[in-house]
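# Residue-level structure breakdown
Residues per chain, in single letters:
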Amino acid sequence: MKAPPFQYHRPQTREELGTLLSSLENAKILAGGQSLMPMMNLRVLAPDHLIDINRIPGLAGIRETPEGIEIGAMTRQADILSSDVVKARLPLLSRALEHVGHIQTRARGTIGGSCCHLDPSAEQPAMCAILDAEFIVTRPDGHRIVPASEWFEGLLQSALGEQEFLEAIRIKPWAKGHGYGFAEYARRHGDFAIAGGAALIEASKDGRITRAALLSFGIEASPRRLSDAEAALIDQPIGKLDLEPAVAAARALDAMEDVHVTPDYRRHLAGVLIRRALNEACTTLERQP
Ligand SMILES: Cc1cc2nc3c(=O)[nH]c(=O)nc-3n(C[C@H](O)[C@H](O)[C@H](O)COP(=O)(O)OP(=O)(O)OC[C@H]3O[C@@H](n4cnc5c(N)ncnc54)[C@H](O)[C@@H]3O)c2cc1C
């Protein structure tokens, strides 16, 4: 099936984009097209206008700023995966990107597109949630910053307003030498995950946890931080961690049902994957200088 008819627009500047967004009805931004076009071909979406932002300068790129690492919304997933800055300072994001789609989809797909589309199993928005990213949004009267805790409004629903677009994502790296772990279950490598888990830890010199973040994704409609389990990790000695509160918290989530798995199985996966992610975080921490 092919997409229903639409009008195609290709603004060259942010100003032109702003004018189009404020004047057109039932319009959609086209970034890499790797989610939008399949949804249109399946007739799940039928926008009257597509606004292609691929020619607007300055929307792509990875910059180190005093406030954190800023990744332009139009940065291709392949470029983030091959970035030395991201590998060194946001290793969890690098690790997760290995699981996003395929070489071909990563060559076109953008981090901004994934974070606006918000598939519950998508790795990039999940990593933004665990890393407490800030979403820099451009609106007709300027910019606003949306913290990750307010970005996810439900299934395929971000906090973006009608006339707004995502400009960039800003992430403050964790301390040098932090531990990071990622685990997901997909039926084949490159498929959307059925469930996933991620963990970040920092530790004191005597090997006790000083900071922790835990997250399950693909379980509920949006990625979910396991805040109580994060708090329970503080001050625990690496090597003798009690993983059970994290596993129990992941298993208690309100898991979705779909054609692939039952909620019970998804909850089981959530527990297994958070355990793996946390174990991996301890290993990567120990390997740091
Ligand atoms: C075969 C295949 C396998 C895949 N596997 C995975 C996977 O394993 N994991 C995963 O996470 N994803 C996967 N994807 C999806 C892929 O990562 C997409 O690239 C991503 O979901 C959307 O990014 P995009 O740049 O293609 O956005 P588009 O498809 O162009 O847009 C997606 C949505 O975001 C909106 N949008 C895009 N950019 C902006 C912006 N700057 N401001 C406001 N709105 C915007 C669009 O209007 C649209 O609603 C897969 C896709 C395919 C085709």
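Only a predicted model underlies this, so the values are computations on that prediction, with no experimental measurement involved. (Residues numbered from 1 in each chain as written. Predicted model: local features only at pLDDT ≥ 70, side-chain atom pairs only at ≥ 80, totals over all residues. Heavy atoms only, no water.)

Helices and strands together make up the secondary structure of the protein chain, namely 12 helices and 14 strands. Relative to the globule expectation of 19 Å for 289 residues, the C-alpha radius of gyration of the protein chain, 19 Å, shows essentially globular dimensions. Principal-axis analysis of the C-alpha atoms places the extent of the protein chain at approximately 60 × 45 × 30 Å. Taken across its 289 residues, the protein chain has 51% of its residues classed as buried. The long-range share in the protein chain, meaning contacts at least 24 apart out of those at least 6 apart in sequence, stands at 62%. (Helix = DSSP H or I, 4+ residues; strand = E, 2+ residues; numbered from the N terminus. Rg over C-alpha atoms; globule rule 2.2 N^0.38 Å. Buried < 20%, exposed > 50% of the residue type's maximum accessible area, 1.4 Å probe, protein only. Contact = heavy atoms within 4.5 Å.)

Here the focus is the domain arrangement of the protein chain. Structurally, the protein chain comprises domain 1 (62–171) and domain 2 (179–287). Inter-centroid distance (C-alpha atoms) of domain 1 to domain 2 is 20 Å. Residue-level contacts link 23 residues of domain 1 with 24 residues of domain 2. Across the domain 1/domain 2 interface, buried area totals approximately 2,000 Å², and carbon plus sulfur atoms make up 65% of it. If you look at where domain 1 meets domain 2, you find 2 salt bridges. Between R225 and D132 there is a salt bridge, with its nearest N and O atoms 3.0 Å apart. Taken together, the links from domain 1 to domain 2 amount to 8 residue pairs in polar contact (both at pLDDT 80 or more). With 6 residues, the single largest contributor to the side of domain 1 that touches domain 2 is helix α8 (residues 123–130). Here the side of domain 1 that touches domain 2 is built from residues that sort into 13 nonpolar, 5 polar and 5 charged. (Domains from an automatic or database assignment. Buried area = accessible area lost by both parts, 1.4 Å probe. Salt bridge = Lys/Arg side-chain N within 4 Å of Asp/Glu carboxyl O. Polar contact = N/O pair within 3.5 Å; in protein donor to acceptor, adjacent residues only side chain to side chain. Nonpolar A, V, L, I, M, F, W, Y, C, P; charged D, E, K, R; others polar.)

The full count for this structure, using the stated rule, is 2 aromatic pairs. When the ring of F135 is compared with that of W151, the centres are 4.2 Å apart and the planes differ by 5 degrees; the resulting orientation is stacked. With a gap of 16 residues between them, F135 in strand β6 (residues 134–139) and W151 in helix α9 (residues 148–151) connect regions that are remote in the sequence. Over the face of the ring belonging to W174 we find R211, whose NZ or CZ atom lies 3.7 Å from the ring centre. (Phe/Tyr/Trp six-rings, centres within 6.5 Å; stacked < 30°, edge-to-face > 60°. Lys NZ or Arg CZ within 6 Å of the ring centre and 35° of its normal.)

As a matter of local geometry, the ligand sits amid 31 residues, with I29, G33, S35, L36 and T110 nearest to it. I29 places a main-chain nitrogen or oxygen 2.6 Å from an oxygen atom of the ligand. Within the backbone of Q34, a nitrogen or oxygen atom sits 2.7 Å from an oxygen atom of the ligand. Bound to the protein, the ligand loses 89% of the 960 Å² it would expose on its own. For the shell around the ligand, the elements supplying multiple residues, two or more each, are β2 (27–30), α7 (111–117) and β10 (165–171). Examining the composition of the shell around the ligand, we find that 4 residues originate from one element, α7, more than from any other. When its residues are assigned to classes, the shell around the ligand shows 13 nonpolar, 15 polar and 3 charged. For the shell around the ligand, the two domains that each supply at least three residues are domain 1 (62–171) and domain 2 (179–287). (Near = heavy atom within 4 Å. Areas by Shrake-Rupley, 256 points an atom, 1.4 Å probe, with all protein chains shown as cover.)

Tallied over the full model, the rule gives 1 cavity of 30 Å³ or more. Of the voids in this model, the largest cavity is the one considered here, and its volume is about 40 Å³. In terms of lining, the largest cavity is formed by L118, D119, P120, A122, P125, A126, F152, G154, A221, S222 and P223. Its residues placed into classes, the lining of the largest cavity shows 8 nonpolar, 2 polar and 1 charged. (1 Å grid on protein atoms, 1.4 Å probe; cavity = no way out; pocket = protein on both sides within 12 Å on 5 of 7 lines; lining within 4 Å. Points joined across faces, edges and corners; volume = space filled by probe spheres on them.)

Relative to the helices and strands, T75 resides in the loop between β5 (68–72) and α3 (77–81). Given a relative accessible area of 3%, T75 falls into the buried group.

On to the layout of surface pockets, then. When its volume is computed, the second largest pocket comes out at roughly 320 Å³. For the second largest pocket, the lining is made up of 15 residues, of which S121, F192, A193, D258 and H260 are closest to its centre.

Three or four residues apart is the spacing at which side chains of an α-helix point the same way, because the helix has 3.6 residues per turn. Listed as buried for helix α11 (residues 244–251) are A246, V247 and A250. When α11 is viewed along its axis, its buried side chains cluster within an angular range of 95 degrees and face the same direction. (Arc of directions from axis to C-beta.)

Moving on, we get to the pattern of salt bridges. Scanning the entire structure with this criterion turns up 18 salt bridges. The salt bridge partner of E134 is R170, with a shortest N-O separation of 3.1 Å. With E134 in strand β6 and R170 in strand β10, the pair connects residues that are 36 residues apart, well separated along the chain. A relative accessible area of 30% places E134 in the partly exposed class.

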